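Spelled out, the chains give:
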Amino acid sequence: MVIFGFGFFLAFLKRYEFSSTGFNLLIVVLGVQCSMLIDLIFHLPYKNVLDRVAEATVSVTAVVISAGTVLGKTNPVQLILMTVVEMIVFRTSRWINSTFLQVPGKISVMHAPLFGAYFGLAISSRFSEPSPRSEKNASTPKSDLLSMLGTLFLWVFWPSFNSILVANHNERAICNTYFTLAASTVTAFALSALTTKDGRFRMTHIRSAALAGGVAVAYTAQSIKYPWIAMILGQLASVITVLGSYCLQRCLNPAFKIHDASGVHFTFGLPSVLGAFVQEVLFIVNNGTNSPRLVYAVVVHIAAFCLTISVALIVGFITGSILSLKLFKTIPVSKYFDDQFYWEFPHLAVGF
Amino acid sequence: MVIFGFGFFLAFLKRYEFSSTGFNLLIVVLGVQCSMLIDLIFHLPYKNVLDRVAEATVSVTAVVISAGTVLGKTNPVQLILMTVVEMIVFRTSRWINSTFLQVPGKISVMHAPLFGAYFGLAISSRFSEPSPRSEKNASTPKSDLLSMLGTLFLWVFWPSFNSILVANHNERAICNTYFTLAASTVTAFALSALTTKDGRFRMTHIRSAALAGGVAVAYTAQSIKYPWIAMILGQLASVITVLGSYCLQRCLNPAFKIHDASGVHFTFGLPSVLGAFVQEVLFIVNNGTNSPRLVYAVVVHIAAFCLTISVALIVGFITGSILSLKLFKTIPVSKYFDDQFYWEFPHLAVGF
Amino acid sequence: MVIFGFGFFLAFLKRYEFSSTGFNLLIVVLGVQCSMLIDLIFHLPYKNVLDRVAEATVSVTAVVISAGTVLGKTNPVQLILMTVVEMIVFRTSRWINSTFLQVPGKISVMHAPLFGAYFGLAISSRFSEPSPRSEKNASTPKSDLLSMLGTLFLWVFWPSFNSILVANHNERAICNTYFTLAASTVTAFALSALTTKDGRFRMTHIRSAALAGGVAVAYTAQSIKYPWIAMILGQLASVITVLGSYCLQRCLNPAFKIHDASGVHFTFGLPSVLGAFVQEVLFIVNNGTNSPRLVYAVVVHIAAFCLTISVALIVGFITGSILSLKLFKTIPVSKYFDDQFYWEFPHLAVGF
């Protein structure tokens, strides 16, 4: 299961081609090693090594998502520093969650997409925007197709991913994730046709909205009891993503000077918020008593959620400020999204 | 297992690129949801949800194969309607099989490639042919390579697919499918070199014939006892596919005004017929008595086969006639195989 | 597990596109069938068919690696002959190992990358070099990207591959392989930036060195007890690969007239030698006595290693000499690396 969990990380974000594929691999392996090292230093108790690797893998999603927001704008040194800082901060945030709020580790790790999205957005707000007329920022049909391929990989392996840390109710987690993904995909096609002129589909919508369901259901995959709840959740996630992609690109991003090239905010950030909200609603409905214990549990959940998001935003902002110092040889805006800045192009060299 | 079953559906038929990848995903999720809905309405008994999803996945192959015949000629509304109609009709056909002919559900679902191929061919006979000089219909080396990649995915996951519904003899089903695929691939290379001038290989042959083995062995994967039987079956399937691709393209297709762009007839249709035939032969050989009970069983198998193929052809023809009505805004022949008709090409837009 | 083992073979070496993808599939299926046939002829005892297929799959790696050295220089007939000869010779070499040196079959099969690399190098020394100015030999950004995709596949499935034949300590083998791969990937990025001017990355280095860890750990995956040993091994493998790629391309290859287009020597050959050496060191450290029994075991290991490598070199040289006879219609140097020599390009034909 762990192995397949990696399949999609690596296939993900192929559209910036050389840099995104290569650096993505680097981030994943570095993040997992970093996580293992933290475990070793603090002698955290774990059943076995495979479990540890699985948890490290889920944690590293946060870094990969964050990297999506600054992809093409950072050099490898900045990315490596970001990876290390983010792994440590996410670990600390989870440690606070489990120590002060008694949130079990297997639940707090589900905050990874939420943490990654807002950490990345906070960082990207400190980097200067590319000029809107830049052609390097644009996608070509070929890169769109490769990106679609990566999305399909993510789509197919998401159910395994959501069930990777669930000991029991494994089968239910897979089915619920699958139904949510299916519902969000169908809704994505419908909404994309409705919102664009001429009723054409926009690849961006399909990709983001198809995955949104999987992100939204992460918190509740093992607790949803009926398929139709999963389906409604998937539709909601899809609606939020497509609407979000409109509102954010038009209003919010220019206001906060965020340039979110990969659409991380509406693909991972907003569905995560939705997922956390739905988790509370379902929790209240399932344990439908008015006892103080229920109120306490809900307050703890909300506190964990707020804590994660605040830590992500604050530390992300600080990290972004440090990384954009001239010390790290920030890339000039004109060199954004340029593979040739980092890779030799040995078109005539004899090599593997 | 279910998850990997999807891997190939989604990677399949990538050569029409945007439309084929996107619509294929839509068809699969819609088909599975449709199948689940039918199950819910009729309260059909099942052990668990994963089994249901697995069976729905196998059923949806039929729709994906049918979509291959009309790909590039239908708009999304027509495809959605086709998906819903085909899922209902295939379900009905299976219900007739299990009620009147006592064919178990796990065997009748194996008729999916057969049903899908002839349903699709019947539909495509009602759509006007593209002009033979159309350049959009042609493949490029790049699209051929992507298509080969999709075929490799199908190839690798076919053994899992053929064994997905088999409770016992699971290992034997995997091995038999693998041997058949291996034999059909080797034969495909040999035949392709023999039939083309200069002894070159034709990508079309390799792709179709390599998969033909997997289709042919679907009926008998768990009952073949010796590897050499599986290998001979694979060789037969490969021969039929390569010969079929010649005869059909030259003689049959013009006669029936069928335009089968993806070669569905010789990749899935003919090997299925071969597989059903071989199933009968093996059944007679294995239970080599002349008792009336054996005759009865064979008659039932043949009846189930004929029923499936007739239902597919008749309903496919009717569905094709309905879909080609002007009501559904059929695409003009000049717009066939055109991605830009359905997709925004936001080459300069900033998006995910 | 077997099925996924194939995933990477087929996705491997996509850079010569049509020929490499197609011929690679042909080699794998032919090699496995050949191996099964040898098993049948000699009635070798095996528990079950799946185990046999798994072992055949690991054996066929040797052929795929050998094919990498002569890819683009051989015609299909030569490749088929090479596949058959190599499967038989590797089998014989393993039989000698198990009969005279009492090396268990599951360990001797781990010599596959070693055998394949040196068999291939010996063969390629008999083929004339392409002219260094040939443009067909060069890679394009697109083919580099496809090749990176293939490498990622190999990377993801390598842990399954190294643990496929290990009955016990399965989990440990997966984790050790994973740690080695992670360490070698990080080291690959660091070394690539250090060795190229401007501190850019070279795709060739990343690809070769990322995989080198997996090759090096094959011998010791189930016996390494601490993650840090696996990590150091990965770093060593990476260093050897990157340095090797320099030294070999500059000094050794011209001296022996070897043209190793795919970098098989430093990707598979050298890390295998390192892996075998580390195996001895760990064996001595773990059983740290000075008893004659230990010395005997070490001598047996070294003898098995030397035997494998000598058989590979000698038979490879002989096979190369036979294959480069005019009898087999060797390709003229000017036609090296040319897809159009073997494949029809039916860009305007109507086909699947």
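In the nomenclature of an unreviewed UniProt entry, chain A corresponds to Ammonium transporter AmtB-like domain-containing protein from the organism Falco tinnunculus. The record in UniProt for chain A states the following under Sequence similarities (unreviewed entry): "Belongs to the ammonium transporter (TC 2.A.49) family. Rh subfamily." Per UniProt, chain A carries the Subcellular location (unreviewed entry) text "Membrane".

Novice: Explanation requested: the overall build of chain A in the structure shown.
Specialist: In terms of regular secondary structure, chain A is built from twelve helices and zero strands. If you list the helices and strands of chain A from N to C, you get α-α-α-α-α-α-α-α-α-α-α-α. In chain A, which comprises 352 residues, the share counted as buried stands at 62%. Considering only intrachain contacts with a sequence separation of at least 6, the fraction spanning at least 24 residues in chain A is 78%. With the model as given, the accessible surface of chain A reaches about 13,300 Å², and the carbon-plus-sulfur share is 68%.

Novice: Can you help me understand the nonpolar core in this one?
Specialist: One recurring pattern in soluble globular proteins is that nonpolar side chains are buried together. Among the nonpolar cores identified, the biggest contains 226 residues, and A:Met82, B:Met82 and C:Met82 are the most heavily contacted of them. Discounting chain neighbours no more than four positions away, the residues touching B:Met82 are B:Val63, B:Ser66, B:Ala67, B:Val70, B:Phe119, B:Ile123 and B:Leu323.

Novice: Explain the UniProt feature "transmembrane region" (unreviewed entry) in chain A here, please?
Specialist: Annotation from UniProt places "transmembrane region" (unreviewed entry) at residues 25-46, 53-72, 107-124, 145-165, 177-194, 228-248, 268-288 and 294-325 of chain A. The distance separating the terminal C-alpha atoms of residues 107-124 of chain A is 27 Å; by composition the span is 83% helix and 0% strand.

Novice: So what exactly am I meant to see when it comes to the confidence of the model for chain A here?
Specialist: Any region with low pLDDT has predicted coordinates that should not be read closely. All names here are of chain A. In this model, chain A carries a mean pLDDT of 74, and residues with pLDDT of at least 70 account for 69%. By mean pLDDT, the top-scoring element of chain A is helix H6 (residues 112-124) (86), and the lowest-scoring one is helix H1 (residues 2-11) (47). Across residues 1-15, confidence stays below pLDDT 50; counting only partners more than four residues off in sequence or on other chains, it has 66 contacts. When the criterion is pLDDT under 50, residues 346-352 qualifies, and its contacts beyond four places in sequence or with other chains add up to 25 contacts. Here the predicted complex scores 0.76 on pTM and 0.73 on ipTM.

Novice: Help me understand the side chain of A:Ser124, please; the structure alone is not making it clear to me.
Specialist: Residues and elements named next belong to chain A. Within the secondary structure, Ser124 is located in helix H6. When its relative accessible area of 1% is taken as the criterion, Ser124 is described as buried. For Ser124, the side chain forms a polar contact with the main-chain oxygen of Leu121, separated by 3.1 Å.

Novice: Explain the environment of A:Arg91 to me, please; I cannot follow it from the model alone.
Specialist: Residues and elements named next belong to chain A. Following the sequence through the fold, Arg91 ends up in helix H4 (residues 76-100). Looking at Arg91, the relative accessible area reads 15%, which means it is buried. In the structure, Arg91 is positioned 137 residues away from Trp228 in sequence and 35 Å away in space, judged by C-alpha atoms.

Novice: Where do I start with a nonpolar patch on the surface in this structure?
Specialist: Taken together, A:Leu313, A:Ile314, A:Ile318, A:Ile322 and A:Leu325 make up a surface patch of nonpolar side chains, about 440 Å² in accessible area. Along the chain, A:Ile322 turns up in helix H12 (residues 292-323).

Novice: Sorry, what's going on with the packing of aromatic side chains here?
Specialist: Both the distance between ring centres and the angle between the ring planes are used here to describe each pair of aromatic rings. Throughout the structure, instances matching the rule amount to twelve aromatic pairs over all chains. Each ring, one from B:Tyr178 and one from B:Phe179, has its centre 6.0 Å from the other, and the planes form 55°; the classification is tilted. Taken individually, B:Tyr178 and B:Phe179 each receive the classification buried, so the pair is uniform in this respect. Consider the rings of C:Trp95 and C:Phe100, whose centres lie 6.3 Å apart with planes at 85°: the pair is edge-to-face. In this structure C:Phe100 comes out as exposed when scored by relative accessible area, which is 58%. Taken together, the aromatic side chains of A:Phe90, A:Phe115 and A:Phe119 make up a single cluster linked through ring pairs.

About the criteria used
- Residues numbered from 1 in each chain as written.
- Chains lettered and ligands numbered in written order.
- Predicted model: local features only at pLDDT ≥ 70, side-chain atom pairs only at ≥ 80, totals over all residues.
- Heavy atoms only, no water.
- UniProt positions renumbered as here; feature names shortened; annotations may be inferred.
- Helix = DSSP H or I, 4+ residues; strand = E, 2+ residues; numbered from the N terminus.
- Buried < 20%, exposed > 50% of the residue type's maximum accessible area, 1.4 Å probe, protein only.
- Contact = heavy atoms within 4.5 Å.
- Areas by Shrake-Rupley, 256 points an atom, 1.4 Å probe, with all protein chains shown as cover.
- Core = buried A, V, L, I, M, F, W, Y, C linked by side-chain atoms within 4.5 Å.
- pLDDT = per-residue confidence, 0-100.
- Polar contact = N/O pair within 3.5 Å; in protein donor to acceptor, adjacent residues only side chain to side chain.
- Patch = residues over 30% accessible without salt bridge, like charges linked within 9 Å, V, L, I, M, F, W, Y side chains within 5 Å.
- Salt bridge = Lys/Arg side-chain N within 4 Å of Asp/Glu carboxyl O.
- Phe/Tyr/Trp six-rings, centres within 6.5 Å; stacked < 30°, edge-to-face > 60°.

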